[in-house]
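Observations on chain architecture
The residues making up each chain are set out below.
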Amino acid sequence: ASPFEGFAERNNWLSAPVAEDVFGKAMVGAGLAESLIKTWSVDPQVNIEKDKLGSVFDQLEDMDAQACLEKLVELSKLNFLE
C-alpha cells in the first residue's frame with residue numbers, strides 16, 4: 001500500500017475531505033487538483049507512460065510519502081487531468 005491508497009480509503013470509506021486529510025493537504029500543496037485526487041482515489045487506469053495504461057495504485061506501491069507525492073505529480077503531467 002502507499003500513502004495515497006491510505007488517503008483513498010479514508011476519503012472513500014470515511015468521507016474524509018481532501019483538505020482535512022494530512023496527505024490530501026500535501027497533494028493539494030504539490031499542485032494536484034482535488035478533482036484529479038478524487039478521480040484517482042478509486043484506482044482507475046491512467047497513463048503510466050506515453051500510450052501505456054496501468055493502475056494508479058500499482059504505480060505508488062510501497063513508496064514513502066515524499067516519493068509518492070513526486071510520482072503523483074509526474075503521473076498528473078502524463079494525464080492532463082488537473
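The coordinates are above.
Residues numbered from 1 in each chain as written. Predicted model: local features only at pLDDT ≥ 70, side-chain atom pairs only at ≥ 80, totals over all residues. Heavy atoms only, no water.

This part is about the environment of Glu 61. Following the sequence through the fold, Glu 61 ends up in the loop between α4 (56-60) and α5 (65-79). By relative accessible area, which is 35% here, Glu 61 ends up partly exposed. Spatially, the C-alpha atom of Glu 61 lies 5.3 Å from that of Ser 2, the residues being 59 residues apart in sequence. Filtering out sequence-adjacent residues up to four positions away, Glu 61 remains in contact with Ala 1, Ser 2 and Glu 5. (Helix = DSSP H or I, 4+ residues; strand = E, 2+ residues; numbered from the N terminus. Buried < 20%, exposed > 50% of the residue type's maximum accessible area, 1.4 Å probe, protein only. Contact = heavy atoms within 4.5 Å.)

Next up on the list: the nonpolar core. Ranked by internal contacts, the top residues of the largest apolar core, which has 19 residues, are Phe 4, Phe 23, Met 27, Trp 40, Val 56 and Leu 72. Where this core is concerned, the elements lending two or more residues are α1 (3-14), α2 (22-29), α3 (34-40), β1 (45-49), α4 and α5. When residues in this core are grouped by element, the largest group, 4 residues, is from α5. Excluding residues that lie within four positions of it along the chain, Phe 4 makes contacts with Phe 23, Met 27, Ile 37, Trp 40, Ser 41, Val 56, Phe 57, Leu 60, Cys 68 and Leu 72. (Core = buried A, V, L, I, M, F, W, Y, C linked by side-chain atoms within 4.5 Å.)

On to α2, then. The complete set of buried residues in α2 reads Phe 23, Gly 24 and Met 27. For α2, the angular spread of the buried residues around the axis is 105°, confining them to a single face. Residues of α2 that are exposed and angled more than 90 degrees away from the buried face: Val 22, Lys 25 and Gly 29. On its buried face, α2 is in contact with α1, α3 and α5. (Arc of directions from axis to C-beta.)

As defined by bridge partners, β1 adjoins strand β2 (residues 52-55) across 4 bridges and the pair is classed as antiparallel. Paired with Glu 49 across the two strands is Lys 52, which belongs to β2. Taking the residues that link successive antiparallel strands as the turn, the β1-β2 hairpin has 2 residues, and the phi of Asp 51 there is positive, at about 65°. (Pairing = 2+ DSSP bridges.)

An α-helix turns once every 3.6 residues. As a result, residues three or four positions apart point the same way. Taking 1.5 Å per residue as the helical rise, α5 with its 15 residues ought to reach 21 Å, and the 21 Å between its terminal C-alpha atoms agrees with that figure. Summarising the contacts, the buried residues of α5 are in contact with α1, α2, α3, β1 and α4. Where α5 begins, one side-chain oxygen reaches toward the backbone nitrogen of Gln 66, 3.3 Å away; that side chain belongs to Asp 64. Looking one or two places after α5, you find Phe 80, whose phi comes out positive at around 50°. (Expected span 1.5 Å × (residues − 1). Polar contact = N/O pair within 3.5 Å; in protein donor to acceptor, adjacent residues only side chain to side chain.)

Now for the pattern of salt bridges. A pair can form between side chains of opposite charge whenever their charged atoms are brought close. Applying the stated criterion across every chain, the model contains 2 salt bridges. The shortest N-O distance in the salt bridge between Arg 10 and Asp 21 comes to 2.5 Å. Separated by 11 residues along the polypeptide, Arg 10 in helix α1 and Asp 21 in the loop between α1 and α2 bring together distant segments of the chain. Using a relative accessible area of 32% as the deciding quantity, one classes Arg 10 as partly exposed. Notably, a salt bridge pairs Lys 71 with Glu 74, separated by 3.2 Å at the nearest N-O pair. (Salt bridge = Lys/Arg side-chain N within 4 Å of Asp/Glu carboxyl O.)

By themselves these figures say nothing about function.
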